[in-house]
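# Understanding the architecture of this molecule
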Amino acid sequence: MATITEAPAPELGSAVPVAAEQLDRIVRDELQDTPIIDMHTHLFMPSLGKLGLWGIDELLTYHYLEAELFRFSSVKPAEYWTLNKQQQADLIWRTLFVENTPVSEAARGVIAVLSALGLETARTDLSQAREYFRNQKLEPHIRHVFELAGISEVVMTNDPLDPEEAPLWMKGAAPDRQFHPVLRLDRILNKWPQHWQILAGQGYRVEENLGGNSVAEVRRFLADWYGRMKPVYMACSLPDTFEYPEDSLRGRLLKEAVIPSCGEFNIPLSLMIGVRYQVNPAIRLAGDAVGKANLRAVEHICVEFPENRFLISVLSRENQHELCVYSRKFGNLLPFGCWWFLNQPSIVEEMTRERIEMIGFSFIPQHSDARVLEQVIYKWRNTRRTMAPILTNAYRLLAEDGRTVSRDEIRRGIHRLFRTNFERFVNLRGGHERHSAV
Ligand code: RAT
Ligand code: ZN
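Since this is a predicted model, take the numbers as computed values, not measurements.

Bound to the zinc ion (ligand 2) are the protein donor atoms His40 (NE2), His42 (NE2) and Asp369 (OD), situated 2.0 to 2.1 Å from the metal. Spacing between the donor residues of the zinc ion (ligand 2) along their common chain follows H-x1-H-x326-D. Placement of the pair is His40 in the loop between strand E1 (36–38) and helix H2 (56–60) and Asp369 in the loop between helix H16 (345–359) and helix H17 (375–400), with a sequence separation of 329 residues. Taken individually, His40 and Asp369 each receive the classification buried, so the pair is uniform in this respect.

What follows is the structure, encoded as structure tokens:
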């Protein structure tokens, strides 16, 4: 089993210790200089065409901001959905950025993006920003955005049952070394009754109640998609009510198809647990909420499948400590990210300190979850800004207790957190052939 503790030891004895008053600056510089691997996004490589969202209208109609719009505007959701994209963006700009001060995390993010791109941040209309984006060519723009964000690669979320996306893969979408695929299984695991017929229509002999050869046929489907996509992991989001073991179609699919297939292909399974889906369907994508989950499900999975690897993110703040405890029990569990409603500096700070105190640097502090390309600029800027004092404090405490660190050691720590823990866990650079390997 690949764990994350296999890094070569540096020459610590000969290294020059960083003086206490330099720590903060060196940590900041090293964070700035480390090209991050963004291990969970909803971005798409250029060959997946229109699925890849970018530009000011997409930035403003992000569902995090739509949720905020309905707090400040008298426009009702039903009316909002009749507007076209530009009208929606204009409404959100006017409401959240002109008539109100954009102090929330998601709103401030748009300001940070405009500012990083050299655009004005306090205009009453969007004409300047629209003109800027109209003049960009996608591929050089992606390079520019990645550079501004300080990221080297992103990991996508690829749904083999999405009616727009699947045909593009079937035709052989050109791989891209900066965009790694992930086989996302929400429709199969959470909504089998609504989707099994798509598999059946493609020639897989599956049944609604998983009778007959269904499980073997789902494995054949996963194998075909593994071959087509070469995903770096498989993934699923799960409700707060998720249990394992579970006497359900999802329970059987996980146990008998998905986890064994991940084992066969030697890739991890990412479980993102704690969503209360569609508590307010009127606001669509913004309508999901959060609930505390029973993490014994994670315990049971790690015990039952010790040879598999699991990337785990939990959405409830109340579950975070428990997840750290389970990480101390299971080397095949890699906690990641401060997901969705947790990606606010105050909560990121609390969670990250707790993780460092409980499991050292054996976790992945953050993913961007970006849905719109330019969001990586503000999301990673925020993460670096929040991480700097946390790491400085960790090294300061260590020095007070008798061990100073060198700049190389600081760099190694930051690289682990933002690159190598992920690279090793998914076997990104080695082992099995993968068309996106760099
Ligand atoms: O953060 C989000 O944008 C959510 O809507 C979800 O997409 C979540 O991140 C997920 O991957 O399910
Ligand atoms: Zn996501």
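This paragraph deals with the layout of surface pockets. Quantified by volume, the largest pocket comes out at close to 1,400 Å³. Lining of the largest pocket is provided by 39 residues; of these, His42, Asp162, Arg187, Leu285 and Arg371 occupy positions nearest its centre. Only helix H3 (63–72), helix H5 (85–98), helix H10 (186–190) and strand E5 (234–239) provide two or more residues apiece to the lining of the largest pocket.

Below, the discussion takes up the domain arrangement of the protein. Examined at the domain level, the protein breaks down into domain 1 (20–50 + 153–426) and domain 2 (56–134). In this structure, domain 1 and domain 2 have C-alpha centres spaced 28 Å apart. Each partner contributes residues to the interface: domain 1 has 20 residues there, and domain 2 has 18 residues. Carbon and sulfur atoms supply 66% of the area that domain 1 and domain 2 bury against each other, a total of about 1,700 Å² over both sides. When residues of domain 1 are sorted by the area they lose upon contact with domain 2, Ile283, Glu374 and Tyr378 head the list and together hold 28% of the total.

The next point concerns the pattern of salt bridges. For the structure shown, the criterion picks out 31 salt bridges. Two residues, Arg108 and Glu105, come together in a salt bridge whose shortest N-O distance is 2.7 Å. Of this pair, Arg108 and Glu105 both sit in helix H6 (residues 105–116), 3 residues apart, which is roughly one turn of that helix. Among the residues examined, Glu105 registers a relative accessible area of 13% and is labelled buried. Its salt-bridge partner being Arg187, residue Asp159 comes within 2.6 Å of it at the nearest N-O pair. In this pair, Asp159 sits in the loop between strand E2 (151–155) and helix H9 (165–170) while Arg187 sits in helix H10, placing the two residues 28 residues apart along the sequence. Residue Arg187 is classed as partly exposed on the basis of its relative accessible area, which comes to 25%. Several salt bridges share partner residues, and in doing so they unite Glu30, Arg407, Asp408 and Arg411 into one network.

This next bit is on empty space enclosed by the protein. In total, this model carries 3 cavities of 30 Å³ or more according to the counting rule given. As a volume, the largest cavity reaches approximately 90 Å³. As for the largest cavity, its lining consists of 13 residues, of which Phe44, Gly52, Leu53, Ile142 and Leu373 are closest to the centre. As a volume, the second largest cavity reaches approximately 40 Å³.

Here Glu153 lies in strand E2. The spatial distance from the C-alpha of Glu153 to the C-alpha of Ile37 is 5.1 Å, given a sequence separation of 116 residues. The contacts of Glu153, once residues within four sequence positions are left out, are Ile36, Ile37, Asp38, Phe146, Arg177, Gln178, His180, Arg419, Leu428 and Arg429. Separated by 2.9 Å, the side chains of Glu153 and His180 make a polar contact. Reaching out from Glu153, the side chain makes a polar contact with the side chain of Arg429 at a distance of 3.0 Å.

A few words on the packing of aromatic side chains. Tallying each qualifying case throughout the model produces 15 aromatic pairs. Centre to centre, the rings of Tyr80 and Trp81 are 4.9 Å apart; their planes meet at 75°, and the pair counts as edge-to-face. Under the relative-accessibility criterion, Trp81 is labelled partly exposed at 21%. Where Tyr132 meets Phe133, the ring centres are 5.1 Å apart and the plane angle is 85°; that geometry is what we call edge-to-face.

Now for the site of ligand 1. For ligand 1, the full set of nearby residues is His40, His42, His63, Tyr64, Arg184, Ser237, Trp339, Trp340, Asp369 and Arg371. A distance of 3.0 Å separates an oxygen atom of ligand 1 from a polar side-chain atom of His42. The contact in question runs from an oxygen atom of ligand 1 to an N or O atom on the side chain of His63, over 3.0 Å. Considered on its own, ligand 1 offers 310 Å² of accessible surface; in the complex 94% of this is hidden by protein. Comparing atom positions with the cavity grids shows ligand 1 to sit within the largest pocket. Class assignment of the residues belonging to the shell around ligand 1 gives a composition of 3 nonpolar, 4 polar and 3 charged.

Along its 26 residues, H17 runs 38 Å from first to last C-alpha, staying within 8% of the 38 Å computed at 1.5 Å per residue. If you look at H17, its biggest bend is around 30°, right at Met387, and the proline Pro389 turns up within four residues after that.

To continue, consider the environment of Ser346. Mapped onto the elements of the fold, Ser346 is located in helix H16. Here Ser346 falls in the exposed class, since its relative accessible area comes to 55%. Along the backbone, Ser346 and Met358 are 12 residues apart, and their C-alpha atoms lie at a distance of 19 Å.

Right, let's get into the sheet that holds E2. Remark on secondary structure: sheet strands pair via backbone hydrogen bonds, oriented parallel or antiparallel. Taken together, the 3 strands give an open sheet; going across it, the order is E1-E2-E3, and neighbouring strands pair in parallel fashion. With partners counted over all chains shown, the strands left at the sheet margins are E1 and strand E3 (179–180), one partner each. Helix H8 (residues 138–149) contacts E2 and E3 of the sheet and is inclined by roughly 110° relative to E2. Running at roughly 55° to E1, helix H18 (residues 407–426) makes contact with E1 and E2 of the sheet.

Rules used throughout
- Residues numbered from 1 in each chain as written.
- Chains lettered and ligands numbered in written order.
- Predicted model: local features only at pLDDT ≥ 70, side-chain atom pairs only at ≥ 80, totals over all residues.
- Heavy atoms only, no water.
- Donors = N, O, S within 2.8 Å, 3.2 Å for Na, K, Ca; no water.
- Helix = DSSP H or I, 4+ residues; strand = E, 2+ residues; numbered from the N terminus.
- Buried < 20%, exposed > 50% of the residue type's maximum accessible area, 1.4 Å probe, protein only.
- 1 Å grid on protein atoms, 1.4 Å probe; cavity = no way out; pocket = protein on both sides within 12 Å on 5 of 7 lines; lining within 4 Å.
- Points joined across faces, edges and corners; volume = space filled by probe spheres on them.
- Domains from an automatic or database assignment.
- Contact = heavy atoms within 4.5 Å.
- Buried area = accessible area lost by both parts, 1.4 Å probe.
- Salt bridge = Lys/Arg side-chain N within 4 Å of Asp/Glu carboxyl O.
- Polar contact = N/O pair within 3.5 Å; in protein donor to acceptor, adjacent residues only side chain to side chain.
- Phe/Tyr/Trp six-rings, centres within 6.5 Å; stacked < 30°, edge-to-face > 60°.
- Near = heavy atom within 4 Å.
- Areas by Shrake-Rupley, 256 points an atom, 1.4 Å probe, with all protein chains shown as cover.
- Sits in = over half its atoms within 2 Å of the grid points.
- Nonpolar A, V, L, I, M, F, W, Y, C, P; charged D, E, K, R; others polar.
- Expected span 1.5 Å × (residues − 1).
- Bend = angle between axes of the 7 residues up to and from the residue.
- Pairing = 2+ DSSP bridges.
- Axes fitted to C-alpha atoms, helices over the stretch in contact; angles between N-to-C directions.

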